[in-house]
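Listed below are the residues making up each chain.
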Amino acid sequence: MKLIRVYKKVRKYLHNTLWIMGDKITSLGVGFLVTVVVARYLGPVQFGTYSYAISAAALFAAAGHMGLSGLVVREIVKKPDERGVTLGTTLGLKFIGMAGGYAILLAYAAAYEGVNSLEFAALVIAGAVLLCRPLDIIDYWFQAFVQARYVTTVRLTGLAVSSVLKLFFVYLGLGVLYFVAANLIQAIVIALMFFAVYRLKSSLQISDWTFSWKKAKELFSQGWVVYLGSIFAVIYLKVDQVMLRWFSGSESVGIYSVAAQLSEAWYFVPVAIVASFFPKLIKLKEEDPDQFNKRLQQLFDLLFILALGVAIAMTLLSEWVIILFFGMHYIDSAGVLIIHIWAAIFIFMRAAFSKWILIENALVFSLITQGAGAIVNIVLNYFLIPDYGVKGAAYTTLVSYAFASFFSLSIYSKTRPIFFMMLRSMFSVFRYSSFKAVR
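These lines cover the structure that appears in this document, whether it is placed above or below. All values reported here derive from a predicted model rather than from experimental measurement.

A tally of helices and strands in the chain yields 16 helices and zero strands. Taken over C-alpha atoms, the radius of gyration comes to 22 Å for the chain, in line with the 22 Å a tight globule of 439 residues would show. Dimensions of the chain, computed from C-alpha atoms along their principal axes, come out at roughly 65 × 65 × 35 Å. Out of the 439 residues in the chain, the part that is buried amounts to 49%.

This part takes up the packing of aromatic side chains. This structure, assessed with the given rule, holds 23 aromatic pairs. Each ring, one from Phe142 and one from Tyr150, has its centre 5.2 Å from the other, and the planes form 50°; the classification is tilted. By relative accessible area, which is 1% here, Phe142 ends up buried. Relative to Tyr178, the ring of Phe169 has its centre 5.6 Å away and its plane inclined at 65°; by these criteria the two rings are edge-to-face.

Right, let's talk about the pattern of salt bridges for a bit. Under the definition given, this model contains seven salt bridges. Between Glu82 and Lys215 there is a salt bridge, with its nearest N and O atoms 2.9 Å apart. Of the two residues, Glu82 sits in the loop between helix H2 (69-78) and helix H3 (83-113) while Lys215 sits in helix H8 (residues 213-247), which places them 133 residues apart along the sequence. Under the relative-accessibility criterion, Lys215 is labelled buried at 4%. Between Glu119 and Arg245 there is a salt bridge whose closest N-O contact spans 3.8 Å. Here Arg245 lies in helix H8 and Glu119 lies in helix H4 (residues 118-127), a separation of 126 residues in the sequence. Under the relative-accessibility criterion, Glu119 is labelled buried at 14%. Sharing partners across several salt bridges, the network here consists of Lys79, Glu82, Lys215 and Glu218.

Further remarks concern the packing of H8 against helix H9 (residues 250-264). It is at 7 Å that the axes of H8 and H9 come closest, and there the two elements cross at 150°. Our classification of the angle between H8 and H9 gives roughly antiparallel. The way H8 lies across H9 gives a crossing that is right-handed. Across the interface between the two elements, Asp240, Gln241, Leu244 and Arg245 of H8 pack against Ser250, Ser252, Val253, Tyr256 and Ser257 of H9. Residues that form the contact of H8 with H9 fall into these classes: three nonpolar, four polar and two charged.

Attention now moves to helix H11 (residues 289-326). For H11, built from 38 residues, the straight-helix expectation of 56 Å at 1.5 Å per residue is missed by more than 12%, its first-to-last C-alpha distance being only 49 Å. Within H11, the axis deviates most sharply at Leu317, by approximately 70°. With its phi angle positive at about 90°, Gly327 sits one or two positions after the end of H11.

It is at 9 Å that the axes of H9 and helix H14 (residues 363-405) come closest, and there the two elements cross at 45°. Between H9 and H14, the crossing angle belongs to the class labelled oblique. Between H9 and H14 the crossing geometry is right-handed. Contacts between H9 and H14 involve Ser252, Ile255 and Tyr256 on the former and, on the latter, Val390, Ala393, Ala394 and Thr397.

Glancing now at helix H15 (residues 416-425). When H15 is considered as a whole, its buried residues turn out to be Ile418, Phe419, Met421, Met422 and Ser425. Taken down its axis, H15 places every buried residue within 160° of arc, on the same side.

Right, let's talk about the environment of Ala313 for a bit. Topologically, Ala313 is positioned in helix H11. Separated by 25 residues in the primary sequence, Ala313 and Ile338 have C-alpha atoms spaced 9.9 Å apart.

A few words now on the side chain of Ser257. By secondary structure assignment, the location of Ser257 is in helix H9. Judged by its relative accessible area of 4%, Ser257 falls in the buried class. In contact with Ser257, not counting residues within four places along its chain, are Phe47, Ser51 and Gln241.

Next up on the list: the side chain of Arg245. Judged by its relative accessible area of 17%, Arg245 falls in the buried class. The contacts of Arg245, once residues within four sequence positions are left out, are Tyr52, Tyr112, Glu113, Glu119, Ser250 and Val253.

For the rest of this paragraph, the subject is a nonpolar patch on the surface. Taken together, the side chains of Tyr112, Trp246, Phe247, Ile375, Val379, Tyr382 and Phe383 define a hydrophobic patch exposed on the protein surface, amounting to about 720 Å² of accessible area. When contributions to the nonpolar patch are tallied by element, the ones reaching two or more residues are H8 and H14. Of all the elements, H14 adds the most residues to the nonpolar patch, at four residues. The topology assignment puts Tyr382 in helix H14. For Tyr382, a relative accessible area of 48% corresponds to the partly exposed category.

Take the environment of Leu380 next. Within the secondary structure layout, Leu380 lies in helix H14. Separated by 13 residues in sequence, Leu380 and Ala393 place their C-alpha atoms 8.1 Å apart. If we skip the residues at most four places from it in the chain, Leu380 touches Ile385, Thr396 and Val399.

With that settled, the discussion passes to a positive patch on the surface. Taken together, the side chains of Lys280, Lys283, Lys294 and Arg295 present a region of like positive charge at the surface. Those elements that place two or more of their residues in the positive patch are helix H10 (268-287) and H11. Its location among the elements puts Lys280 in helix H10.

Rules used throughout
- Residues numbered from 1 in each chain as written.
- Predicted model: local features only at pLDDT ≥ 70, side-chain atom pairs only at ≥ 80, totals over all residues.
- Heavy atoms only, no water.
- Helix = DSSP H or I, 4+ residues; strand = E, 2+ residues; numbered from the N terminus.
- Rg over C-alpha atoms; globule rule 2.2 N^0.38 Å.
- Buried < 20%, exposed > 50% of the residue type's maximum accessible area, 1.4 Å probe, protein only.
- Phe/Tyr/Trp six-rings, centres within 6.5 Å; stacked < 30°, edge-to-face > 60°.
- Salt bridge = Lys/Arg side-chain N within 4 Å of Asp/Glu carboxyl O.
- Axes fitted to C-alpha atoms, helices over the stretch in contact; angles between N-to-C directions.
- Parallel < 35°, antiparallel > 145°, perpendicular 65-115°, else oblique.
- Left-handed = near helix turned anticlockwise from the far one by under 90°.
- Contact = heavy atoms within 4.5 Å.
- Nonpolar A, V, L, I, M, F, W, Y, C, P; charged D, E, K, R; others polar.
- Expected span 1.5 Å × (residues − 1).
- Bend = angle between axes of the 7 residues up to and from the residue.
- Arc of directions from axis to C-beta.
- Patch = residues over 30% accessible without salt bridge, like charges linked within 9 Å, V, L, I, M, F, W, Y side chains within 5 Å.
- Areas by Shrake-Rupley, 256 points an atom, 1.4 Å probe, with all protein chains shown as cover.
- Lys, Arg positive; Asp, Glu negative; His and termini not counted.
- Charge placed at Lys NZ, Arg CZ, Asp CG, Glu CD.

Spelled out as structure tokens, the structure:
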């Protein structure tokens, strides 16, 4: 009987993982193909306006992230009697943050773009997505009960609606604002479906949700490090496109965005690999620290070799890939891609470092490194974009990722061993080749 229970539990978690991976892979594939069609149709200038609006909205959405995802899931599991107040308080906190972020975005759009501009209208529509985001907390509920299939169904339905609309808008020959609106419709569909699925599948009614300032203080006191870290992470992921708009215009944003799409499409690979190693690393840390360090080094080696292979392949094929998918209008994106893709080396290894942070309960290092990356990104963009345009932004991305995910680790004694592990991984090709030669 015990073996049967264990088997059912393992099968449940495996089934849940497959749903999550299916969601990520389908979203990435469909999203990329639709982006190709939209980018070719709109051209660099209008696609730049579209990308700028989405990136700016993502920047201001950081105000509502609150760093609560993992905390709320834990609270739902460990404190069943407080589930109503946990969900109600989280909803209130996220709404306050998102509404505040949207208000600041509107003020920025009015002051910088002017209320009569196309960019202002795009920012207003893109930013309205923030008001739908608080209902994402229902995702936390289903995470707590290992029911990813409901979340995946909701998100893929929203993606399908948005994708069909965008293709239909291309067919009709409509302008850029309609494509920004498609993202808003996607967010509305997801929010409504989350609400409906929760009512159908949850025994806890939404009317039982309550807001508590005491609970808000408790959650925020535990999540503020993750909250600030998420803000810094969004800044050095998205601020380059906003600053390109300031210094170089919408066409540059379109050129850069295409290269970034192709480069960042690979970032799900290390996340998936590290997720599969994570439970084993946790166990080894408790039972055999030496074996833990050995496996962690092997994981860094694997991630570096994969990233190096991706970077070399994309560097050699950059022009061919750009022309194949996006056309000659975006040929300048090839030069940007050649630079941007090398950031994958640090992003891939960062995925393992992020899990090390959780294992060692060292979240403050995540805050420090992401904050350093955000500052380096903003400063370098300010100086490089005016002189070097889109390539300046690409160099900034590479340097800021390298600093945040590699060089900064050498500064602190606790993270210095990880710095040397990463450094050792950069010679892993020669190490393994030498080992085979000796054998």
